[in-house]
Amino acid sequence: MRSLTPSQSSSPRPFHYLEAGAALRCGKVSLELLARRYGTPLYVYSADQIAERLGLFQAALAGRDALVCYAVKANSALAILKLLAGRGAGFDIVSGGELERVLAAAPEAAGRVVYSGVGKTAAEIDLALTAGILEFNVESEAELELLEARAKKLKRVARFALRVNPDVFADTHPYISTGLREHKFGIDIRRAPALYRKASESRWLEAHGVSVHIGSQIRSAEPFGAAMERVARLVRQLARDGIALKAVDAGGGLGIDYHAGKFDPAAKVAEYAAALETALAGFEGRLLIEPGRFLVAQAGALVARVLQVKQNGKKTFVITDAAMNDLIRPALYQAHHEIVPVKRRAGRPRVVDVVGPVCETGDFFAKDRKLAPVEPGDLVALLDAGAYGMAQSSNYNTRLRPAEVLVEGGKARLIRRRETMADLLGPEIF
Ligand code: LLP
């Protein structure tokens, strides 16, 4: 079997061509067949790869009490949440809505939920307190006061962690970098001891842990280690003050390789885990991590049909039936996604722009990309679209959002049907 990224021990993607004339497959299932059965644009995910990635983190942290809390925002499909919960994952949520999803998919996992986010409402806090989540990651002094007030009202002790801002630079896109003092996230790490001391006076607040999240799509382990060292220093200082934290939450952010080169996920996870463990040497408590992208991005592809191949002067545009509303990452972050034909044609690659039908110049998936030859009617797969793809989709241009399919072993099943116009028009009043 030929992988799309050959010559490595552990293939980073579950999408393969079996032989020259055959269609691209997800595991054992042909994407051509899935497109015929469910239509396009279509999100296809490999359950096996998601489970494998979770296993990499769990194995790498097996030396201590650790919990992998999947960042629901990356892909909140109920079937994926259920799959992960069944394998022992916890969840990192950032809204009451995400908590409702976890409770719907895996109610037994409520006690494995950490709740992050800079703007929690009283109603959301109440929902989480009632559900008995593991920890609130508190992002400001005012939020800590609100949490205390709600806990008192509901007569439930709130376990909290302060999300500290370690002032560490992470080399990633500015929109998804979060660990500098100038960002809106977290509490200045220098202010944290005073807040923990203040909280210790309340019978409704339990100082359970400390959390940090420095950004997303961070390729090197180094900034994670640097942030964790600062957090470990804080934990030691608090212990000296008589505040013994039970858990450290290292956040998410480990990046993948969106390009076609070599990438060894197992080695990446091992390197990441080692950086955290080195920084946390001597800390006996629990380690939580919140990976999103690393678990689901490479497991997913967005399958689209080519509507037209259009020539405008010197430029060639491949127009697909998927658009920026289905996958906004290229438009929003200038993100790169590999694009491959589902069935390869003979002929030379062409330099093209791959675009969608939405009425915006920003509606593109690739610019000046060397693409294998495609014709109208062909299928293409946009790779590494499992994270922040469907989760960030919209109905812009009154486009129905794609269906989603999960491939498990040799079997594919629909996990979300394509939207209908009735779904869209239903809430409107006129
Ligand atoms: N924990 C917290 C508190 C977060 O804010 C995030 C992501 C994660 C965990 C998960 O990060 P990950 O492991 O997935 O990198 N839409 C952007 C990414 C936004 C990330 C926001 N926070 C993208 O498509 O690149």
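For the structure itself, look to the data block above.
Residues numbered from 1 in each chain as written. Predicted model: local features only at pLDDT ≥ 70, side-chain atom pairs only at ≥ 80, totals over all residues. Heavy atoms only, no water.

1. A word on the site of the ligand
- In the vicinity of the ligand there are 19 residues, among which Ser216, Glu290, Arg329, Tyr333 and Tyr388 approach most closely.
- Separating an oxygen atom of the ligand from a side-chain N or O atom of serine 216 is a distance of 2.4 Å.
- At a separation of 2.7 Å, a nitrogen atom of the ligand approaches a polar side-chain atom of tyrosine 333.
- Compared with its free state, where it exposes 590 Å², the ligand has 92% of that area covered by protein.
- The residue inventory of the shell around the ligand, partitioned by class, reads five nonpolar, eight polar and six charged. (Near = heavy atom within 4 Å. Polar contact = N/O pair within 3.5 Å; in protein donor to acceptor, adjacent residues only side chain to side chain. Areas by Shrake-Rupley, 256 points an atom, 1.4 Å probe, with all protein chains shown as cover. Nonpolar A, V, L, I, M, F, W, Y, C, P; charged D, E, K, R; others polar.)

2. As for helix H1 (residues 31–38)
- Regarding H1, the residues found buried are Leu31, Leu34, Ala35 and Tyr38. Here the buried residues of H1 occupy an arc of 100° about the axis, which is enough to place them on one side.
- By the N-cap criterion, in which a side-chain oxygen at the helix start approaches the backbone nitrogen of a residue two or three places on, H1 is capped by serine 30, the distance to glutamate 32 being 3.1 Å.
- At the exit of H1 stands glycine 39, carrying a positive phi of roughly 80°. (Buried < 20%, exposed > 50% of the residue type's maximum accessible area, 1.4 Å probe, protein only. Helix = DSSP H or I, 4+ residues; strand = E, 2+ residues; numbered from the N terminus. Arc of directions from axis to C-beta.)

3. A word on the environment of alanine 194
- Relative to the assigned elements, alanine 194 resides in helix H7 (residues 192–199).
- Sequence-wise, alanine 194 and leucine 238 are 44 residues apart; in three dimensions their C-alpha atoms are separated by 9.8 Å.

4. Here we look at the pattern of salt bridges
- Considering all chains together, one arrives at 23 salt bridges under this definition.
- Note that lysine 198 is salt-bridged to glutamate 141, the shortest N-O span being 3.4 Å. Within this pair, whereas lysine 198 is found in helix H7, its partner glutamate 141 is found in helix H6 (residues 141–154), the two being separated by 57 residues in sequence.
- In this structure lysine 198 comes out as partly exposed when scored by relative accessible area, which is 40%. (Salt bridge = Lys/Arg side-chain N within 4 Å of Asp/Glu carboxyl O.)

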